[in-house]
Amino acid sequence: MSKDILIKKGLDINLKGEAEKVAVKNISNNVITLKAKDFHNIVPKLLLKIGEKVKAGEAVFHSKSNEDIKFPSPISGELVDIIRGAKRKILALKIEPSKNEKFVDFGIKDPKSMKSEEIKSHLLASGCWPFIKQRPYDIIANPKVAPKAIFISAYASAPLAADYDFILAGKEKELQASLIAISKLTDGEVHVSVGKNSNSPFEGLNHISLHKVSGPHPSGNVGTQIGKINPVNKGEVVWTITPQDLVIIGELLLTGKFNAERIFALAGSSVRAPKYYSAKIGTDISSIVKGKLSKGSKRIISGNVLT
């Protein structure tokens with residue numbers, strides 16, 4: 001049974017250039033870039049040197065303060081560059097893809113038979129743990145601190161945001177496997193929010209408390225939903241995971257492979273034919289927009305145009 005949430009305060013901004021819901025096109029990458037600043041509160045400790053080969057899912061670096069938190073390569077290839085800043089601070093890593101994709105085999109797992117510590121160890125070893133964020137502060141979750149609840153927002157209310165119902169279509173098996181696993185990481189509930197009039201693949205799945213959200217932006221923001229469902233009080237911690245990261249975790253459990261693929265909307269008034277595309281995490285923007293924009297100077301925004 002779902003629970004309705006109505007957000008009254010906010011504002012929807014109708015921007016031109018909404019992406020057409022057609023078959024997703026894959027974008028090939030010339031180089032993958034992992035930026036250290038994308039991982040809040042993390043000081044990276046390198047595990048590879050320039051010129052070394054890496055498989056998709058193999059750890060490239062780990063957190064200096066916690067070696068168990070690993071960050072994998074989204075592709076198989078070769079580490080070709082390490083960009084450093086002041087005092088040799090690591091800013092970014094560049095990985096050139098190989099012709100044939102090779103994956104680390106983490107083994108097929110049955111989340112129903114796994115205990116919470118086994119699931120936690122598997123997510124840490126495979127590099128999926130950084131997908132789990134902790135509130136307050138929106139940092140990578142501390143694996144030693146259990147959350148009172150886990151929140152997933154499958155409703156995007158921001159202008160031109162990708163439609164989760166479209167990009168998650170056909171991913172029910174991966175989502176269910178992932179939900180079974182993460183439900184064992186908390187004594188509380190796994191809260192999933194969807195649009196009130198949506199046709200979400202989350203409907204009908206188990207191990208969740210489903211909420212139907214309506215109202216203007218920021219009704220789709222997970223922080224807004226947390227405040228309505230189960231606010232974070234002093235000394236408490238909750239975790240959040242995005243739906244596409246759930247798919248990656250689910251595919252890891254079902255196939256043993258770390259497939260770091262994202263589906264996104266290339267949208268806006270400057271895009272000639274706004275559509276949905278898929279690409280690996282870390283694909284450079286030039287590969288994504290090449291030949292797809294109208295003439296003139298453009299500003300390209302990754303993520304929510306309001307933030």
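Residues numbered from 1 in each chain as written. Predicted model: local features only at pLDDT ≥ 70, side-chain atom pairs only at ≥ 80, totals over all residues. Heavy atoms only, no water.

## Brief notes about the sheet that holds strand 7 (residues 70-72)
So, point 1. Read across the open sheet, the three strands follow the order 4-6-7; overall the sheet is antiparallel. Looking at the sheet topology across the chains shown, the edges are occupied by strand 4 (44-46) and strand 7. Here the average twist between neighbouring strands, direction ignored, is 35°.
So, point 2. With three bridges joining them, strand 4 and strand 6 (residues 59-63) adopt antiparallel strand pairing. (Pairing = 2+ DSSP bridges. Helix = DSSP H or I, 4+ residues; strand = E, 2+ residues; numbered from the N terminus. Axes fitted to C-alpha atoms, helices over the stretch in contact; angles between N-to-C directions.)

## Digging into the nonpolar core
So, point 1. Ranked by internal contacts, the top residues of the largest apolar core, which has 59 residues, are Leu123, Trp129, Ile152, Ile182 and Phe202.
So, point 2. A per-element tally of this core places helix 5 (residues 243-255) first, with six residues.
So, point 3. Aside from chain neighbours lying at most four places away, what touches Ile152 is Leu179, Ile182, Val190, His191, Val192, Ser193, Phe202, Gln225, Ile241, Pro243 and Leu246. (Core = buried A, V, L, I, M, F, W, Y, C linked by side-chain atoms within 4.5 Å. Buried < 20%, exposed > 50% of the residue type's maximum accessible area, 1.4 Å probe, protein only. Contact = heavy atoms within 4.5 Å.)

## Overview of the side chain of Ser287
So, point 1. Its location among the elements puts Ser287 in helix 6 (residues 285-289).
So, point 2. Among the residues examined, Ser287 registers a relative accessible area of 13% and is labelled buried.
So, point 3. Within the structure, Ser287 has its side chain in polar contact with the side chain of Asp284 (distance 3.0 Å).
So, point 4. In contact with Ser287, not counting residues within four places along its chain, are Ile27, Ser28, Asn30 and Lys292. (Polar contact = N/O pair within 3.5 Å; in protein donor to acceptor, adjacent residues only side chain to side chain.)

## Topic: the layout of surface pockets
So, point 1. The space that makes up the second largest pocket amounts to roughly 480 Å³.
So, point 2. In terms of lining, the second largest pocket is formed by 26 residues, of which the most central are Tyr155, Ala156, Ser157, Ala158 and Ala161.
So, point 3. Counting only elements with at least two residues in the lining of the second largest pocket, the list comes to helix 2 (164-167) and strand 14 (209-214).
So, point 4. Its residues assigned to classes, the lining of the second largest pocket shows 15 nonpolar, five polar and six charged. (1 Å grid on protein atoms, 1.4 Å probe; cavity = no way out; pocket = protein on both sides within 12 Å on 5 of 7 lines; lining within 4 Å. Points joined across faces, edges and corners; volume = space filled by probe spheres on them. Nonpolar A, V, L, I, M, F, W, Y, C, P; charged D, E, K, R; others polar.)

## A short note on a nonpolar patch on the surface
So, point 1. A surface patch of nonpolar side chains, amounting to about 500 Å² of accessible area, comprises Leu11, Ile13, Leu15, Ile301, Val305 and Leu306.
So, point 2. The class for Leu11 is exposed, based on a relative accessible area of 60%. (Patch = residues over 30% accessible without salt bridge, like charges linked within 9 Å, V, L, I, M, F, W, Y side chains within 5 Å. Areas by Shrake-Rupley, 256 points an atom, 1.4 Å probe, with all protein chains shown as cover. Salt bridge = Lys/Arg side-chain N within 4 Å of Asp/Glu carboxyl O.)

## Brief notes about the packing of helix 3 (residues 172-182) against helix 5
The relative placement of two packed helices comes down to the angle between their axes together with the axis-to-axis distance.
So, point 1. Close contact between helix 3 and helix 5 brings their axes to 7 Å; oriented N to C, the two are set at 90°. The angle between helix 3 and helix 5 places the two elements in the roughly perpendicular class. Here Lys173, Glu174, Leu175, Ala177, Ser178, Leu179, Ala181 and Ile182 of helix 3 lie close against helix 5, whose contacting residues are Pro243, Leu246, Val247, Ile249, Gly250, Glu251, Leu253 and Leu254.
So, point 2. Residues belonging to the contact of helix 3 with helix 5 are distributed by class as follows: 11 nonpolar, two polar and three charged. (Parallel < 35°, antiparallel > 145°, perpendicular 65-115°, else oblique.)

## Here's the deal with the sheet that holds strand 3 (residues 32-35)
So, point 1. Within the open sheet, the four strands sit side by side as 3-9-8-5. Their pairing is antiparallel. At either end of the open sheet lies a strand with only one pairing partner, and these are strand 3 and strand 5 (53-54).

## Looking at the packing of helix 1 (residues 116-126) against helix 5
So, point 1. Interaxial distance between helix 1 and helix 5 falls to 12 Å at its minimum, and their mutual angle equals 105°. In this view, helix 1 runs roughly perpendicular relative to helix 5, as classed from their interaxial angle. Between helix 1 and helix 5, the contacting residues are His122, Leu123 and Ser126 on the first element and Ile249, Leu252 and Leu253 on the second.
So, point 2. Among the residues making up the contact of helix 1 with helix 5, the classes are represented as four nonpolar, two polar and no charged.

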